[in-house]
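# Descriptive structure summary
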Amino acid sequence: YEVLAEQGHILLYSEPSSPLQQSETAVDKLLLMAESRLPVVHSPAPLMGGTGPITMASGLAMSLAEILGSLVVHQLKRPGAPFVFGAGLHHMDMGAAQICYASPEFQLTKAAIAQLGRWYGIPTWGYAGCSDAKVMDEQAALEALLSVIMAELSGANLVHDVGYIESGLTTSFEMIVLTDELIAMAHHLMKGIEVSDETLMVEEVDRVGPGGHFLDTEQTLSRFRDFWFPGLLDRSRRPEWEKAGSTTLGQRLNARVKDIITEHRPEPLEPGVKRQVQEILAGAGG
């Protein structure tokens, strides 16, 4: 199973066996995490038209039953133990007999799950940066962008599957790097537009007047960095782009991946944090 140790916290992922069943292994995980007071994502993944009913409304209702049934077992073991609310409600593409990992329907159901989780007052689990594409191509990029924006709009607390392609069967390093860029873009999108006396800058407009320019004003010089600057997407003119090697986004992503693998050195955990992780792991093992 998947165990993540980050900043002194352990999280485990498990799931029911749709429709409306729990395996012995899944229940053991659920009870272990409850007993240890460690957070668990016990997330159903029904396939509408396969292991779940064909409509989104019915699929959501069944997913909710599986989530809440799991939560009851979890809380009976240890009331107040941390639980993350989530589900991956996909549908089956009847032409390909395959899960749809980036369909508009999946974007809607993951937003609905986030809404339901907020209604119950429980942290929510979602998806982003994933695609049905087989390689890091144009399809992967557009599906990653859609999923990232929908994750931002849905407000899920824990977003998973970043870098997954081929409907979750393959991980792409380039997709992870691209999604990092898209997340930064989406964060700026979600800031919206601040409207105030300070941002309207009426005096600035009056001072420059008709026919002037704002290139060298104090406000421009102090504020232009507030806009989002891409790290990998290219905005240069064609001559500059050609002079820099005429690289495509895919080539830049690959080069960035190789640079990270070669050069990046993660900062070690502080001794206190490392000790806390070891204590949590030892306690869970006991």
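Everything quoted here is computed from the prediction, not taken from an experiment. (Residues numbered from 1 in each chain as written. Predicted model: local features only at pLDDT ≥ 70, side-chain atom pairs only at ≥ 80, totals over all residues. Heavy atoms only, no water.)

### Here's the deal with helix H3 (residues 104–120)
An ideal rise of 1.5 Å per residue puts 24 Å on 17 residues; H3 measures up with 25 Å between its terminal C-alpha atoms. For H3, the full list of buried residues reads Phe 106, Gln 107, Thr 109, Lys 110, Ala 111, Ala 112, Ile 113, Ala 114 and Gly 117. A positive phi of about 75° marks Gly 121, the residue just after H3. (Helix = DSSP H or I, 4+ residues; strand = E, 2+ residues; numbered from the N terminus. Expected span 1.5 Å × (residues − 1). Buried < 20%, exposed > 50% of the residue type's maximum accessible area, 1.4 Å probe, protein only.)

### So, the side chain of Asp 161
Looking at the secondary structure, you find Asp 161 in the loop between strand S9 (158–160) and strand S10 (164–165). Although Asp 161 is buried, it makes no salt bridge; Lys 110 carries the closest opposite charge, 9.1 Å away. When residues no more than four places from it in sequence are discounted, the contact partners of Asp 161 are Tyr 101, Tyr 127, Ala 128, Gly 129 and Cys 130. (Lys, Arg positive; Asp, Glu negative; His and termini not counted. Salt bridge = Lys/Arg side-chain N within 4 Å of Asp/Glu carboxyl O. Contact = heavy atoms within 4.5 Å.)

### Regarding the confidence of the model for the chain
Mean pLDDT for the chain: 91, with 95% of residues reaching 70 or above. Ranking the elements of the chain by mean pLDDT puts strand S1 (residues 2–6) last, at 39, and helix H2 (residues 56–77) first, at 97. pLDDT under 50 marks residues 1–8. Its contacts with residues more than four places away, or in other chains, come to 20 contacts. (pLDDT = per-residue confidence, 0-100.)

### Some words on unusual backbone geometry
Following Ser 18, the chain continues to Pro 19 via a peptide bond in cis, the omega torsion being 0°. Relative to the helices and strands, Pro 19 resides in the loop between strand S2 (9–14) and helix H1 (24–35). Of note in this structure, Arg 37 is not a glycine but carries a positive phi near 55°. Relative to the assigned elements, Arg 37 resides in the loop between H1 and strand S3 (40–42).

### Some points on helix H10 (residues 249–263)
With 15 residues, H10 extends 21 Å from end C-alpha to end C-alpha; this agrees with the ideal 21 Å at 1.5 Å per step. Buried residues along H10 sit against helix H5 (173–190) and helix H9 (238–243).

### Points about the nonpolar core
Judged by nonpolar contacts, the single largest core of 17 residues is most densely connected at Met 33, Val 40, Leu 60, Ile 67, Phe 83, Phe 85 and Ile 113. Broken down by secondary-structure element, the contributors of at least two residues to this core are H1, H2 and H3. With 4 residues, the single largest contributor to this core is H2. The residues contacting Phe 83, other than those within four sequence positions of it, are Leu 30, Val 40, His 42, Ile 67, Leu 71, His 74, Ile 122 and Pro 123. (Core = buried A, V, L, I, M, F, W, Y, C linked by side-chain atoms within 4.5 Å.)

### Considering the pairing of strand S6 (residues 90–93)
When a strand is regular, its side chains alternate between the sheet's two faces. Relative to S6, strand S4 (residues 47–48) runs parallel, the two sharing 2 bridges. Bridged to Met 48 within S6 is His 91. Where S6 and strand S7 (residues 98–99) come together, 2 bridges link them in antiparallel fashion. Directly across from Asp 93, in S7, lies its bridge partner Gln 98. Counting the residues in the hairpin turn of S6 and S7 gives 4 residues, including Ala 97, whose phi is positive at 50°. (Pairing = 2+ DSSP bridges.)

### Side note on the sheet that holds S4
As a general point, the strands of a sheet are linked pairwise by backbone hydrogen bonds and lie either parallel or antiparallel. One open sheet holds the 3 strands; their spatial order is S4-S6-S7, and the pairing between them is mixed. With partners counted over all chains shown, the strands left at the sheet margins are S4 and S7, one partner each.

### A look at the pattern of salt bridges
For the coordinates displayed, the defined rule picks out 4 salt bridges. For Glu 198, the salt bridge goes to Arg 223, with nearest N and O atoms at 3.1 Å. Separated by 25 residues along the polypeptide, Glu 198 in helix H6 (residues 197–200) and Arg 223 in helix H8 (residues 218–223) bring together distant segments of the chain. Judged by relative accessible area, Glu 198 falls into the exposed class, the value being 54%. A salt bridge links Arg 256 to Asp 259; the nearest nitrogen and oxygen atoms lie 2.8 Å apart. Placement of the pair is Arg 256 and Asp 259 together in helix H10, with a separation of 3 residues, close to one helical turn. The class for Arg 256 is partly exposed, based on a relative accessible area of 37%. A relative accessible area of 34% places Asp 259 in the partly exposed class.

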